[in-house]
Structures are given as C-alpha cells and as structure tokens.
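# Coordinates in review
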Amino acid sequence: GGTAAVVNLGLVHILDSYTKLYYVITVNIAFLTAFGVSYSLQKYWTFQDTTRGPEAHKQAIKYFAVSVINLLLNTAIVVMLMELSVSGTSIAGWLAQFGNFITFSILDTRPVVAAQFIAAFTVAFVSFFVYKFLIFNRNQHETTHSDTESR
C-alpha cells in the first residue's frame, strides 16, 4: 500500500508540475498506474496469497471492481478538497484543525498533492480491510477449495 501510495503521489506531483493536464485527469492517471503496483504487492507481499487459476482471476476481477470504486471515491475526495481550496479554505489550514502539531505549509504550495495525499490515505485505509476480508481471505479460499473437492 505504501509503495503504491508513493507511485500515486509521485505521479501526481510529476504530472501536476510538468504538464498542463486538468487535475482530475492527473489524479486518475496516477491512481490507475498505482493499481498495478498495488494489486501485485497486496496479493503476493501483504497477504502472501499464492492462489492461482480461476480463483486468482476472480480475485483480480474483485480487486479491479474495488479499485474502480476506490478511483471514484479518490476522485470525489480530491474534487471536494480542491473546491475547498478554490473557495479560499486552505487544505493545510483545514488539516491543521486535526493535528496542529504538524506543519502543513508545504501543502499549500501544491494543493492537488495535498488533496491526493488525504484521498490516498483514506482510500488505502478502507481498502485494506476490504482486501483482507473479502478478496485475499485465506479461510474463504480454503472453504471454496474444500467444497469443490468434496463434490
């Protein structure tokens, strides 16, 4: 998750700094690129899932479906935070309400990066539990596998 987040935020920063792409396109490109990194690392590293064959294909489809939902959620959060920024509410100022011991001034220089940081963290936190209990759940795979064997 952390590696995918670095890929995501790095691409947002690069695309925002060096292209004239609309920020919604920027965050979507970064999010989708990080998807490939995320799936591979979540499956094989985090959850050490070695499922192969049809069950692995089902996992990939479920993971992709969750990722599409995550993409929509991510985009909605970024748009909401950017709208706050446009309306005069500093994202850094807004964040400081939740933890004024941290200096958020750097986030004011690149509000889209700040918005993406918040969105990525929120989506990653929620997604971890979805992946753990619904997609890469070993007990679920073992039950499915033993049900198939008993037939």
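To keep things clear, this report deals only with the structure shown in the data block. Computed from a predicted model, the values in this text were never measured in an experiment. (Residues numbered from 1 in each chain as written. Predicted model: local features only at pLDDT ≥ 70, side-chain atom pairs only at ≥ 80, totals over all residues. Heavy atoms only, no water.)

### Considering the packing of aromatic side chains
The cut-off we apply is this: Aromatic rings from Phe, Tyr and Trp, taking only the six-membered ring of Trp, are treated as a pair when their centres fall within 6.5 Å; an angle between ring planes under 30 degrees marks them as stacked, one over 60 as edge-to-face, and anything in between as tilted. Two conditions define a charge located above a ring, namely a distance within 6 Å from the ring centre to NZ of Lys or CZ of Arg, and an angle within 35 degrees of the ring normal.
Under the criterion given, the structure shown has 11 aromatic pairs. A network of ring pairs unites the aromatic residues Phe 35, Tyr 39, Phe 47, Tyr 63, Phe 64, Phe 125, Phe 128, Phe 129, Tyr 131 and Phe 136 as a single cluster. Just above the ring of Phe 133 sits the side chain of Lys 132; from NZ or CZ to the centre is 5.9 Å.

### A word on unusual backbone geometry
Inclusion rule: Runs of E in the DSSP output that reach at least two residues are strands. Runs of H or I that reach at least four are helices, and both are numbered from the N terminus. Relative accessibility under 20% of the residue-type maximum defines a buried residue, over 50% an exposed one, and the middle range a partly exposed one, all with a 1.4 Å probe and only protein chains included.
Phi at Gln 48 is positive, roughly 45°, even though this residue is not glycine. Looking at the element boundaries, Gln 48 is found in the loop between helix 2 (23–46) and helix 3 (54–86). Under the relative-accessibility criterion, Gln 48 is labelled exposed at 53%.

### A word on the packing of helix 2 against helix 6 (residues 111–135)
Put simply, the rule reads: Between N-to-C directions, angles span 0 to 180 degrees; the directions come from axes that are lines fitted to C-alpha atoms, helices contributing only their stretch in contact. Should the near helix be turned counterclockwise from the far one by less than a right angle, the crossing is left-handed, whereas a clockwise turn marks it as right-handed. The criterion used for residue contact is that any of the two residues' heavy atoms lie within 4.5 Å. Gly is put with the polar residues, along with every residue not named as nonpolar or charged; the nonpolar set is Ala, Val, Leu, Ile, Met, Phe, Trp, Tyr, Cys and Pro, and the charged set is Asp, Glu, Lys and Arg.
Relative orientation of the contacting elements helix 2 and helix 6 amounts to 35°, with a least axis distance of 12 Å. For the crossing formed where helix 2 meets helix 6, the hand is right-handed. Each of Tyr 23, Val 27, Phe 31, Gln 42 and Thr 46 in helix 2 lies in contact with helix 6, whose residues at this interface are Val 112, Gln 116, Val 123, Phe 128 and Tyr 131. Here the residues of the contact of helix 2 with helix 6 are counted per class, giving seven nonpolar, three polar and no charged.

### Comments concerning helix 6
Selection criterion: Given a helix with a known number of residues, its expected span is that number minus one, times 1.5 Å.
Helix length check: helix 6 (25 residues) gives 33 Å between terminal C-alpha atoms against 36 Å at 1.5 Å per residue, within 8%. Among all positions of helix 6, only Val 112, Val 113, Ala 114, Ala 115, Gln 116, Ile 118, Ala 119, Ala 120, Val 123, Ser 127, Tyr 131 and Ile 135 are buried.

### A closer look at the environment of Val 7
Here Val 7 lies in helix 1 (residues 2–18). Separated by 30 residues in sequence, Val 7 and Val 37 place their C-alpha atoms 8.1 Å apart. Beyond its immediate chain neighbours, meaning those up to four positions away, Val 7 contacts Thr 33, Ala 34 and Val 37.

### Quick look at the environment of Val 130
Relative to the helices and strands, Val 130 resides in helix 6. Overall, Val 130 belongs to the partly exposed group, its relative accessible area being 24%. Separated by 64 residues in the primary sequence, Val 130 and Val 66 place their C-alpha atoms 8.2 Å from one another. Sequence-distant contacts of Val 130, defined by excluding residues within four places in its chain, comprise Val 66 and Ile 135.

### Looking at the side chain of Gln 42
Put simply, the rule reads: In the analysis that follows, any N or O atom pair within 3.5 Å is treated as a polar contact, provided that within protein one partner can donate a hydrogen and the other can accept it, and provided that, for residues neighboring in sequence, both atoms belong to side chains.
Within the secondary structure, Gln 42 is located in helix 2. The class for Gln 42 is buried, based on a relative accessible area of 7%. In terms of polar contacts, Gln 42 uses its side chain to reach the side chain of Thr 46, at 3.5 Å. Not counting residues within four places of it along the chain, the set of residues in contact with Gln 42 comprises Gly 1, Phe 47, Gln 48, Tyr 63, Tyr 131 and Phe 136.

### Quick notes on the pattern of salt bridges
Opposite charge on two side chains permits pairing when their charged atoms draw close. The cut-off we apply is this: Salt bridges are defined by distance alone: a side-chain nitrogen of Lys or Arg within 4 Å of a carboxyl oxygen of Asp or Glu.
The final tally for this structure, using the stated rule, is one salt bridge. Residue Asp 49 pairs with Lys 43 through a salt bridge whose shortest N-O separation is 2.8 Å.

### Details of the nonpolar core
Just so we agree on the cut-off: What is meant by a nonpolar core is a set of buried Ala, Val, Leu, Ile, Met, Phe, Trp, Tyr and Cys residues, joined one to another through side-chain atoms within 4.5 Å.
Counting 14 residues, the largest nonpolar core has Val 12, Tyr 23, Val 78, Met 82 and Val 112 as the members making the most contacts within it. Residue contributions to this core peak at five residues, all from helix 6. Among residues more than four places away in sequence, those in contact with Val 112 are Val 12, Asp 16, Tyr 23, Val 27 and Met 82. In terms of nonpolar packing, the next biggest core, distinct from the first, is built from seven residues, Tyr 39, Tyr 63, Val 66 and Ile 135 among them.

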